[in-house]
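# Examination of the molecular architecture
Chain residues, written in single-letter form:
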Amino acid sequence: MAFSQRLLAAAQPVWQASVAHPFVQEMAAGTLPKEKFGFWVQQDYLFVADARKFLGLLLARAEDEEIYRRLTQFLAGLELELELFRTYARDNNLSLTLAMAPVCRGYADFMLARAALGSFDEAMTALYAAEKAYYDAWRTVRDRTSPQGPYARWIANWSSDAFRQWVDWLAAALDRLTAGKPETELARLEKIFLTTARYEYLFWDMTYRQQQWPV
Ligand code: MP5
């Protein structure tokens, strides 16, 4: 079994819970209250803005030319993505200058710590988990919504063929990087994958509850 397959198999229960989360399900059914979507926009904007630092750290340690090129392309694409958030915020009178809510803060810092303190493979594992989780959640939404719906651009952003190819490339790159690595190392990466998947679940949950700092 490819290592990326092993990771997905290990995280299956977390994965299923994420796709079944009311945020994803109500998004797919078109019943998600607008203020919950707005809170997601506000928090995910901050998460994606921080992802640029994560990718910067990863790029600084990339050795392989193909990896370097793909990560650079992805980093450049994040500017278009951030513009989608800014446009929605402008059109809907949403502020994008809030503080990160606790789960967003914890998740963003977990990712940055993997890139700053962990091995290159650890950071790539966390990146694969985050990207694959978004692809699977938004593809679930896409399969049940009209391409003319109000959130079509968001849905397309993380469920397009181009995004699927990026996620598939990450899986293949991770399989290459980990080929022949000892089991102790693979088990450590599996834990990182699982923690990232759990943060993905928590991110939907935090958003659905519009959970901020209590004090
Ligand atoms: C992604 C995201 C996907 N935007 N937000 C969370 C909480 N997880 C994953 O990352 P990207 O950089 O938008 O493709």
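Residues numbered from 1 in each chain as written. Predicted model: local features only at pLDDT ≥ 70, side-chain atom pairs only at ≥ 80, totals over all residues. Heavy atoms only, no water.

## Some details on the site of the ligand
By nearness alone, 14 residues border the ligand, and Asp44, Glu81, Glu131, Trp158 and Glu200 come closest of all. The cavity that encloses the ligand is the largest cavity. Elements that contribute at least two residues to the shell around the ligand include exactly α4 (34–60), α5 (65–91), α7 (120–143) and α10 (183–209). By residue class, the composition of the shell around the ligand is 10 nonpolar, no polar and 4 charged. (Near = heavy atom within 4 Å. 1 Å grid on protein atoms, 1.4 Å probe; cavity = no way out; pocket = protein on both sides within 12 Å on 5 of 7 lines; lining within 4 Å. Sits in = over half its atoms within 2 Å of the grid points. Helix = DSSP H or I, 4+ residues; strand = E, 2+ residues; numbered from the N terminus. Nonpolar A, V, L, I, M, F, W, Y, C, P; charged D, E, K, R; others polar.)

## Details of unusual backbone geometry
Non-glycine residue Asn93 carries a positive phi angle of around 55°. With respect to the helices and strands, the residue Asn93 is situated in the loop between α5 and α6 (102–117). When its relative accessible area of 74% is taken as the criterion, Asn93 is described as exposed. The backbone phi angle of Gln210 is positive, close to 50°, even though this residue is not glycine. Its location among the elements puts Gln210 in the segment after α10. Here Gln210 falls in the partly exposed class, since its relative accessible area comes to 33%. (Buried < 20%, exposed > 50% of the residue type's maximum accessible area, 1.4 Å probe, protein only.)

The values reported here are purely geometric and, on their own, carry no functional implication.
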